[in-house]
Amino acid sequence: MPEVEVTAGPVEYGDSGGEGRPIVFLGGLPHDERLWDGVVAELSPRFRCLTPVLPLGAHRRPMRPDADLSLSGLSRIVTDFLRQLDLRDAIVCFNDWGGAQTLVANGETERVGGLILVSCETEGNYPPGLAGRVAALSGWLPGGFAVMRRVLRSPALRRLPLTYGQMSKNGVPDELMRGWLEPLRRGEIKRDLRRYVRDVRRGRREMRAATPALRSFERPVLVVWDAEGKLMPNSEGRRLAASFPRSEYVELPDCYTLIPLDQPGALAR
């Protein structure tokens, strides 16, 4: 995969190429570019689809030891990515991870022409649900990430509500999940993820402070929520959409949080 050097370190990314308007797709913990394969397949004939891998556990290239991997720090990685690739009027699409709020609040939207927010973290749901709190706790417990890897590699344990049971209605394929978890065998990747999940209290404060600033983002926003899942409450999605002056709110059936896996065609449309 190609990679670009940002302030925090190297970021690998997929790139469909082409002359179309750029869409930058961002996932959560622990997701890599493959989360978006089905959506990219639908949209790449018309758009340039880019899928950077954020340092949220599935990244294969470690960040610098002194990198800021807070919630705001990760949104600055997105800003740096747009700048380094000279992307303009980009549509930035978030799923699961809620970095759009700090992106806007920190005034980092010069190259952003629109936002798509897909069943993601919000002011009232950060970290999201029981699964989010368990993931945050894993960063504090000795061997916590090793336990998380073992649990998520088991299809039966993956279906539990406190793990991945509310993430994907169809279930994450074994091969894909194993690929996501493989980098967490390495100490420097665990170090990066630990720094993010241990910062959850500050992240919650940043999310709360950032939300009122969304009124200042006057470009189009599409908020797409899963109609059936419990991890990302629908009331939070509607509230998030109402925080922007130009937004549309859509609910999709037959899916949970990972809409790019459960309903890629409907999401692309």
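Everything discussed here concerns the structure shown above.
Residues numbered from 1 in each chain as written. Predicted model: local features only at pLDDT ≥ 70, side-chain atom pairs only at ≥ 80, totals over all residues. Heavy atoms only, no water.

Asker: I'm lost on the overall build of the protein in this one. Help?
Answerer: Scanning the protein from N- to C-terminus turns up 12 helices and 8 strands. For the protein, the C-alpha radius of gyration of 17 Å lies close to 18 Å, the compact-globule estimate for 269 residues. When the backbone C-alpha atoms are referred to their principal axes, the protein occupies close to 45 × 40 × 40 Å. Of the roughly 11,400 Å² that the protein leaves accessible, carbon and sulfur atoms contribute 49%. (Helix = DSSP H or I, 4+ residues; strand = E, 2+ residues; numbered from the N terminus. Rg over C-alpha atoms; globule rule 2.2 N^0.38 Å. Areas by Shrake-Rupley, 256 points an atom, 1.4 Å probe, with all protein chains shown as cover.)

Asker: Please clarify how the sheet that holds strand β8 (residues 247-252) should be interpreted in this entry.
Answerer: Within a sheet, neighbouring strands are paired by backbone hydrogen bonds and run either parallel or antiparallel to one another. Pairing is mixed in the open sheet, where 8 strands are placed in the order β1-β2-β4-β3-β5-β6-β7-β8. The open sheet has two free edges, formed respectively by β1 (3-6) and β8, since each of these has just one partner strand. Shown here is a sheet whose adjacent strand axes are inclined to one another by a mean of 25°, direction ignored. With 4 bridges joining them, strand β3 (residues 22-26) and strand β5 (residues 90-96) adopt parallel strand pairing. Across the sheet, the residue bridging to Leu26 is Phe94, located in β5. Packed onto the sheet, helix α2 (residues 71-84) meets β1, β2 (9-15), β3, β4 (48-52), β5 and β6 (112-120) and runs at close to 115° relative to β1. On the sheet, helix α10 (residues 234-242) packs against β6, β7 (221-226) and β8 and is oriented at approximately 160° with respect to β8. (Pairing = 2+ DSSP bridges. Axes fitted to C-alpha atoms, helices over the stretch in contact; angles between N-to-C directions. Contact = heavy atoms within 4.5 Å.)

Asker: Is there a simple way to explain the pattern of salt bridges in this structure?
Answerer: When the charged atoms of two side chains lie near each other, side chains of opposite charge can form a pair. Applying the stated criterion to the full structure yields 21 salt bridges. Of the charged contacts in the structure, one is a salt bridge between Arg202 and Asp199, with a shortest N-O distance of 3.0 Å. A relative accessible area of 36% means that Arg202 is categorised as partly exposed. Looking at Asp199, the relative accessible area reads 17%, which means it is buried. The salt bridge involving Glu251 is made with Arg238; its shortest N-O contact spans 3.0 Å. Taken together, the positions of Glu251 in strand β8 and Arg238 in helix α10 put the pair 13 residues apart, joining distant regions of the chain. The class for Glu251 is partly exposed, based on a relative accessible area of 33%. (Salt bridge = Lys/Arg side-chain N within 4 Å of Asp/Glu carboxyl O. Buried < 20%, exposed > 50% of the residue type's maximum accessible area, 1.4 Å probe, protein only.)

Asker: Sorry if this is basic, but what is going on with empty space enclosed by the protein here?
Answerer: Gaps left between atoms show up when a probe the size of a water molecule is rolled over them. Enumeration over the complete set of coordinates arrives at 1 cavity of 30 Å³ or more. In this structure, the largest cavity encloses a volume near 40 Å³. Lining of the largest cavity is provided by Phe25, Gly27, His31, Asp32, Glu33, Trp36, Thr51, Pro52, Val53 and Leu54. When the residues that make up the lining of the largest cavity are grouped by side-chain class, the tally is 5 nonpolar, 3 polar and 2 charged. (1 Å grid on protein atoms, 1.4 Å probe; cavity = no way out; pocket = protein on both sides within 12 Å on 5 of 7 lines; lining within 4 Å. Points joined across faces, edges and corners; volume = space filled by probe spheres on them. Nonpolar A, V, L, I, M, F, W, Y, C, P; charged D, E, K, R; others polar.)

Asker: Looking at this structure, how should I read the side chain of Arg111?
Answerer: Assignment of secondary structure puts Arg111 in the loop between α3 (100-105) and β6. Within the structure, Arg111 has its side chain in polar contact with the backbone oxygen of Leu87 (distance 3.3 Å). With residues up to four places along the chain from it excluded, the contact list for Arg111 reads Leu82, Arg83, Asp86, Leu87, Arg88, Asp89 and Ala90. (Polar contact = N/O pair within 3.5 Å; in protein donor to acceptor, adjacent residues only side chain to side chain.)

Asker: When you look at the layout of surface pockets in this model, what are you seeing that I'm missing?
Answerer: By volume, the largest pocket amounts to about 560 Å³. Together, 31 residues line the largest pocket, and Leu29, Ala131, Gly132, Val134 and Ala135 are the ones closest to its centre. When residues of the lining of the largest pocket are traced back to their parent elements, those giving at least two are α4 (129-138), α5 (144-153) and α8 (187-197). Per-element tally for the lining of the largest pocket: the top contributor is α4, with 7 residues. Of the residues belonging to the lining of the largest pocket, the class tally is 24 nonpolar, 5 polar and 2 charged.

Asker: For this particular structure, what's the right way to read α8?
Answerer: Working note: α-helix, 3.6 residues per turn, so residues spaced by three or four point in the same direction. Along α8, the residues that are buried comprise Ile189, Asp192, Leu193, Tyr196 and Val197. Looking down the long axis of α8, one finds its buried residues gathered within 125° of arc, a one-sided arrangement. (Arc of directions from axis to C-beta.)

Asker: Any chance you could explain the nonpolar core here in plain terms?
Answerer: Generally speaking, soluble globular proteins have nonpolar side chains that are buried together. In this structure, Trp97, Leu115 and Leu117 are the most contacted members of the largest nonpolar core, which totals 84 residues. Those residues in contact with Leu117 that lie beyond four places of it in its chain are Phe94, Ala100, Val221, Leu222, Val223, Val224, Trp225, Leu240 and Phe244. (Core = buried A, V, L, I, M, F, W, Y, C linked by side-chain atoms within 4.5 Å.)

Asker: Any chance you could explain α5 here in plain terms?
Answerer: Of the residues making up α5, those classed as buried are Gly144, Phe145, Met148, Arg149 and Leu152. Looking straight down α5, one finds that the buried residues subtend no more than 140° of arc, so they occupy a single side. Contact partners of the buried residues in α5: α4, α6 (155-158), α7 (174-181) and α8.

Asker: Can you help me understand unusual backbone geometry in this one?
Answerer: Leave glycine aside and you will find that most residues have negative phi; peptide bonds, for their part, are mostly trans. With an omega of -15°, the peptide bond running from Leu29 to Pro30 counts as cis. For Pro30, the location among the structural elements is in the loop between β3 and α1 (37-43). Here the amide bond leading from Tyr126 into Pro127 is cis, since omega sits at -10°, within 30 degrees of zero. Tracing the sequence through the fold places Pro127 in the loop between β6 and α4. Unusually for a residue other than glycine, Asp86 sits at a positive phi of about 55°. Mapped onto the elements, Asp86 comes out in the loop between α2 and β5.

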